[in-house]
Structure formats: C-alpha cells, structure tokens
Amino acid sequence: MDDLVYTKYKKPRPSPSDDSIPSLAQLQEKQERELIDIAQVRFGIKGGSVSINLTPLQFNISMSEAEVFKVLLGAPEHERADQVLYGLAKGNLAGSMANKILASLALLGKFKKMKVD
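Numbering of residues begins from 1 in every chain and follows the order in which that chain's sequence is written. For this predicted model, a pLDDT threshold of at least 70 governs which residues receive local features, and a threshold of 80 or more governs which side-chain atom pairs are given and counted, while totals over whole chains, interfaces and linings are taken from all residues. Derived side-chain values reflect all non-hydrogen atoms in the structure, with water molecules and hydrogen atoms excluded from consideration.

Draft legend 1. The pattern of salt bridges, seen in detail. By convention in these notes, a salt bridge is any Lys or Arg side-chain nitrogen within 4 Å of a carboxyl oxygen on Asp or Glu. For the structure on display, the rule yields five salt bridges. Residue R33 pairs with E29 through a salt bridge whose shortest N-O separation is 3.9 Å. One end of the pair is R33 and the other is E29, both in helix α1 (residues 24-42) and four residues apart, which spans about a single turn. Across the pair D82 and R42 runs a salt bridge, and its minimum N-O distance is 2.7 Å. Note that D82 is positioned in helix α3 (residues 80-90) and R42 in helix α1, a separation of 40 residues in sequence. Each residue is assigned to one of three classes by its accessible area relative to the maximum for its type, calculated with a 1.4 Å probe on protein chains only: buried under 20%, partly exposed between the two thresholds, exposed over 50%. For R42, a relative accessible area of 43% gives the class partly exposed. Going along the chain from the N terminus, every DSSP run of H or I of four or more residues is numbered as a helix, and every run of E of two or more is numbered as a strand.

Draft legend 2. The arrangement of a nonpolar patch on the surface in detail. Residues L107, L108, F111 and M114 make up a contiguous nonpolar surface patch of about 450 Å² in total accessible area. Mapping L108 onto the fold places it in helix α4 (residues 95-116). For patch building, the residue pool is restricted to those with more than 30% relative accessible area and no salt bridge; the joining distance is 9 Å between like charges and 5 Å between nonpolar side chains (Val, Leu, Ile, Met, Phe, Trp, Tyr). The Shrake-Rupley method, run with a 1.4 Å probe, gives the accessible areas here. Residue values count only the displayed protein chains as cover.

In structure tokens form, the structure reads like this:
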C-alpha cells in the first residue's frame, strides 16, 4: 500500500574523507615551506640576486627562542623581522620557531603602538 505521508527527497551527501581535509600538522608544514620559499626569494637565495643591508647577526639551528630574541636585541628594531626571515632563508632557524618569533614581534609592535597612543 502507498504511504500517504509526503517526504522530501534528500540528496545523499558525500561524506568527507580523511584525504580531503588536511590535518593541522600538514597545514603547519605547508605554511613553513611557504614561509621558507618567500624568505629565500626575498633575499635572493632563490631567484635573482639581491643586495642585503642588514646588521650582521649570528643565528644557528640549535638556539632556543630566548637566545634568538637576545641576539635580535642587537639589531635595529625595523630590521628584526627581516633578520628572522633571513635566518630562516639561510637555514639557520627552523620554520616553526621563525613563525613563533615573527608572531611575537608583531604582538610586541602592537603593544608598543598601544602604549604610545
């Protein structure tokens, strides 16, 4: 016997597979690779040559964030983000650490502006 209740036809939705949604680790790795590529292009390591006028600082891959910040204090304030990118481009800083340091520098800059205003 026919059902007298009308039900709307629902299109079956494809369930998202694990391959379609990247994991957080995959996103972070992709972001770090992109940051390294940008830094290498910016400083002429990849692509054409560029003249760089930065205060010479020494970073190495075994340094902690605190040690990197201590070294950055020796650079003029307007060069600090470029110093981090340059260290990343040269392979002297890990991508995750450079990302954290750049975020911290941005926050410090915002706090400094708030304090001045």
